[in-house]
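Observations on chain architecture
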Amino acid sequence: LLCATVKDPSTLRGDALHALEFFLFSLAVTYTVLRLRFEVIDSLETTRYHLEHDSLTDTFSRSTLEQHLDRYVGRHLFIAMGDIDHFTLIDDFYGPETGNQVLVAFATFLKDVFGEENTYRVGGDEFLCMGTDTHVKTGTNDIRLCQTRFSSSRFDKIHTPVSCSFGYVTGTPQSTQELQNMI
């Protein structure tokens, strides 16, 4: 003989309510944990971005260049180092706000021509651009394009043309040390 215990219907309703409450509580906790996890991930990504990029020009920083060197080893490269002519005089005479405008404009032209992923701020007004593939063939034209665009830029307080200078090298480094020597 099988015996089954039948519960009072009011007890079953109470059990169902407790199960529903537990489920809703679990759902709320899961939502909170996931929301906090995504906030932490977003915060970490933001922190990483700020560590890798120059805050003024939004280019990669010099320390990021050191981390990226491996990606360029063994590839045929066009490496250009550019700076703004007489930048210290511009910054001193017209003020840091104008100096910053000039830096941002220069960085923007470099990123447009060489790509954001290949442009690094390595000093006050010094930028390094690493070009592969098509830039190896068009590198000197790319430099001239940056110089032309930059010299035609106008800034609020500066009534004389601004200009920039570049040096460049091409090659296929076989190690990070060889690449550092090229730079």
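Here's a quick rundown of the structure. Fair warning: this is a prediction, and the values are worked out from it, not measured in the lab. (Residues numbered from 1 in each chain as written. Predicted model: local features only at pLDDT ≥ 70, side-chain atom pairs only at ≥ 80, totals over all residues. Heavy atoms only, no water.)

This next bit is on the packing of aromatic side chains. According to the stated counting rule, one finds 8 aromatic pairs in the structure shown. Site record: aromatic cluster; members linked through ring pairs are Phe-106, Phe-109, Phe-127, Phe-150 and Phe-166. (Phe/Tyr/Trp six-rings, centres within 6.5 Å; stacked < 30°, edge-to-face > 60°.)

Any two packed helices are characterised by the angle at which their axes cross and by the distance between the axes. It is at 6 Å that the axes of helix 3 (residues 87-94) and helix 4 (residues 96-114) come closest, and there the two elements cross at 140 degrees. With respect to helix 4, the axis of helix 3 lies oblique. For the pair formed by helix 3 and helix 4, the contact residues are Phe-87, Ile-90, Asp-91 and Tyr-94 on the first element and Pro-96, Thr-98, Gly-99, Val-102 and Leu-103 on the second. Residue composition of the contact of helix 3 with helix 4, by class: 6 nonpolar, 2 polar and 1 charged. (Axes fitted to C-alpha atoms, helices over the stretch in contact; angles between N-to-C directions. Helix = DSSP H or I, 4+ residues; strand = E, 2+ residues; numbered from the N terminus. Parallel < 35°, antiparallel > 145°, perpendicular 65-115°, else oblique. Contact = heavy atoms within 4.5 Å. Nonpolar A, V, L, I, M, F, W, Y, C, P; charged D, E, K, R; others polar.)

Here the structure, examined in full by the defined rule, presents 1 salt bridge. Asp-54 is the partner of Arg-121 in a salt bridge, and the nearest nitrogen-oxygen pair spans 3.0 Å. With Arg-121 in strand 3 (residues 119-121) and Asp-54 in the loop between helix 1 (9-52) and strand 1 (60-61), this pair connects stretches of sequence that are 67 residues apart. Residue Arg-121 shares its accessibility class with Asp-54, and that shared class is buried. (Salt bridge = Lys/Arg side-chain N within 4 Å of Asp/Glu carboxyl O. Buried < 20%, exposed > 50% of the residue type's maximum accessible area, 1.4 Å probe, protein only.)

Moving on, we come to the state of the cysteines. Evaluated as defined, the whole model comprises 0 disulfides. Looking at Cys-146, it has no disulfide partner, and the nearest cysteine sulfur is the one in Cys-129, 6.6 Å off. Overall, the relative accessible area of 1% leaves Cys-146 in the buried class. For the unlinked cysteine Cys-164, the closest cysteine sulfur is that of Cys-146, found at 6.9 Å. A residue is classified by how much of its surface remains accessible, and Cys-164, at 6% relative accessible area, is buried. (Disulfide = S-S within 2.5 Å.)

Judged by side-chain charge, Asp-58, Asp-112, Glu-116 and Glu-117 come together as a negatively charged surface patch. Its location among the elements puts Asp-112 in helix 4. Taking the relative accessible area as the measure of exposure, Asp-112 reaches 54% and is therefore exposed. (Patch = residues over 30% accessible without salt bridge, like charges linked within 9 Å, V, L, I, M, F, W, Y side chains within 5 Å. Areas by Shrake-Rupley, 256 points an atom, 1.4 Å probe, with all protein chains shown as cover. Lys, Arg positive; Asp, Glu negative; His and termini not counted. Charge placed at Lys NZ, Arg CZ, Asp CG, Glu CD.)

The next subject is the sheet that holds strand 3. Taken in spatial order, the 5 strands line up as 1-3-4-2-5 in an open sheet, and their pairing is mixed. Since the sheet does not close on itself, it has two edges, and those belong to strand 1 and strand 5 (164-171), each with one partner. Of the strand pairs in this sheet, strand 3 and strand 4 (residues 126-132) are connected by 3 bridges, and their pairing is antiparallel. Considered in strand 4, the bridge of Thr-119 is made with Cys-129. (Pairing = 2+ DSSP bridges.)

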